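If you want the building blocks of each chain, they are given just below.
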Amino acid sequence: MLTTRHPPHPVQGKKGKGKKGKKGPKDPTADKSIDFLYRQLVSDGIIQKVDHVQMKDYVGSFGHLGATFDKKAAEEMATRPWVPEPSPAQVRAMVTEFCVLPLGSQGVKDHAPLNTYINKKGNRAPKNGTPVLLCGSPGTGKKMLVHAVAHETGANLFNLTPSNTEGKYPGKKAYDMVHTALKVAKALPPSVVWIDDAETVFASGKKKGGGGEPPNRILKHLIACLEPKKGAALLEPEDRVLVLGTSAEPYLCEKAKDFSAFTGFFAKVLYCPLPNYPSRSMLWTAMLEKAGVERPNPDEVQTLARISEFYSAGSICKVVSKTLSTRRVERLARKPFSINELIGPLAKEEPVYATIEQEIQDWHLKTLNLGGGGDGDGGGGGKKKEGGKKKGGKKKK
């Protein structure tokens, strides 16, 4: 016979006796309900609508020459640090493993070592909020991946991007904004906390945005809620809350302390490269078919893939949507589509220059402690002064 065993009643004693748990961060909204806070964040534009995109919409091919590139990287590692670029299929797999699976399943979150990082002692450890950074040139699909993660898992999307929070919660109220967003995200899992232009949050200085508030005003509040020096954190590793950062210019964190704080905050740094030739072929074909062109000519697609080198995936999608408007699709039966219609709009798009892409690659190599062809310190140090002169010295006349 099974019997239910109830725990014994606690012995009542004097106040102040017995063990106390760690005190969490200060709660400025303790007297307000979660429903009220949720409505408030929606009205303030912090909680936003999720776009209906999926992980499969991040179109690209597999790295068929991955083994060859790995062998080449191993041979050149002694002379020049180099790591092969991940293919779009690898980016999809990494985002799925590190973001979608832990966020969508509590079992995966609790038992799989997908959301851990290697600490200073060399051991794997979980991180509150499991922060992940997506870095890459403009138009490489970082924003789309953020919405895809939220859409695939049915998560709430909290946007703490500096440009989105400008003019909201000024001054000391910035802590209220960060604490409220994380509190509601924890109470209503799964949740994604998105920080675009993440490099501006970690760059030191008093540079102010358009609304008069510095972009890095939320940094100390994020650390106070996620990694406090004293007391308990607002989020725990078991909470299905994902802090997802995106950055198109991560190399702007030039100072060593900024680089250390930037890369130390995120448990994972994922690089989103420009599409290669086979990925561009797949992307042109997929976008043309989605717009209404049935079975595009493979020879013409190869031409488009060749001339669109150094253009981002976002530029390719923009060109197709501009050219194949609703009116043009209705006239396809009378006037067949030609690739010449795409060349003009493509020429008006801004390509990603090789110097910008190289800077991002070098920065990513520094996160892997591989130097990256910069100053070689592996710590993102600032630029050295010419001739070893001190700043502010007198100029010779």
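Residues numbered from 1 in each chain as written. Predicted model: local features only at pLDDT ≥ 70, side-chain atom pairs only at ≥ 80, totals over all residues. Heavy atoms only, no water.

### A word on unusual backbone geometry
To keep it simple, the criterion reads: We count a stretch as a helix when DSSP gives it H or I for four or more residues in a row; a strand needs E for two or more, and each element gets its number in order from the N terminus. Each residue's exposure class comes from its accessible area (1.4 Å probe, protein chains only) as a fraction of the maximum for that residue type: buried when under 20%, exposed when over 50%, partly exposed otherwise.
In the segment running from Pro-189 into Pro-190, the intervening peptide bond is cis, with an omega of -5 degrees. Despite not being glycine, Thr-130 shows a phi value in the positive range, around 40 degrees. Inspection of the secondary structure assignment puts Thr-130 in the loop between strand S3 (124-126) and strand S4 (132-135). Here the phi dihedral of Arg-295 falls at roughly 45 degrees; this positive angle occurs in a residue that is not glycine. Take Arg-295: its relative accessible area is 76%, and that puts it in the exposed class.

### Notes on the pairing of strand S6 (residues 191-195)
For a regular strand, side-chain orientation follows a simple rule: the groups alternate between the two sheet faces. This is how the line gets drawn: Strand pairing is assigned whenever DSSP detects at least two bridges linking the two strands.
With respect to burial, S6 is a largely interior element, five of its five residues being buried. Burial of S6 is two-sided: the residues Ser-191, Val-193 and Ile-195 facing one way and the residues Val-192 and Trp-194 facing the other way are all buried. With four bridges joining them, strand S5 (residues 156-159) and S6 adopt parallel strand pairing. Across the sheet, the residue bridging to Asn-156 is Ser-191, located in S6. Bridge count for S6 against strand S7 (residues 241-247) is five bridges, and the pairing is parallel. Within S7, the position partnered with Val-193 by the bridge is Val-243.

### Comments concerning the side chain of Thr-246
What counts is decided by this rule: Side-chain atoms alone can form a polar contact between residues adjacent in sequence; in general such a contact is a pair of N or O atoms within 3.5 Å, and within protein one must be able to donate a hydrogen while the other accepts it. Contacts are residue-level and defined by heavy atoms, with any inter-residue pair within 4.5 Å sufficient.
Its place among the elements puts Thr-246 in strand S7. Among the residues examined, Thr-246 registers a relative accessible area of 1% and is labelled buried. Here Asp-196 takes part through its side chain, which lies 2.6 Å from a polar atom of the side chain of Thr-246. Ignoring sequence-local partners within four residues, the contact set of Thr-246 consists of Leu-133, Leu-134, Lys-142, Val-146, Trp-194, Ile-195, Asp-196, Asp-197 and Ala-198.

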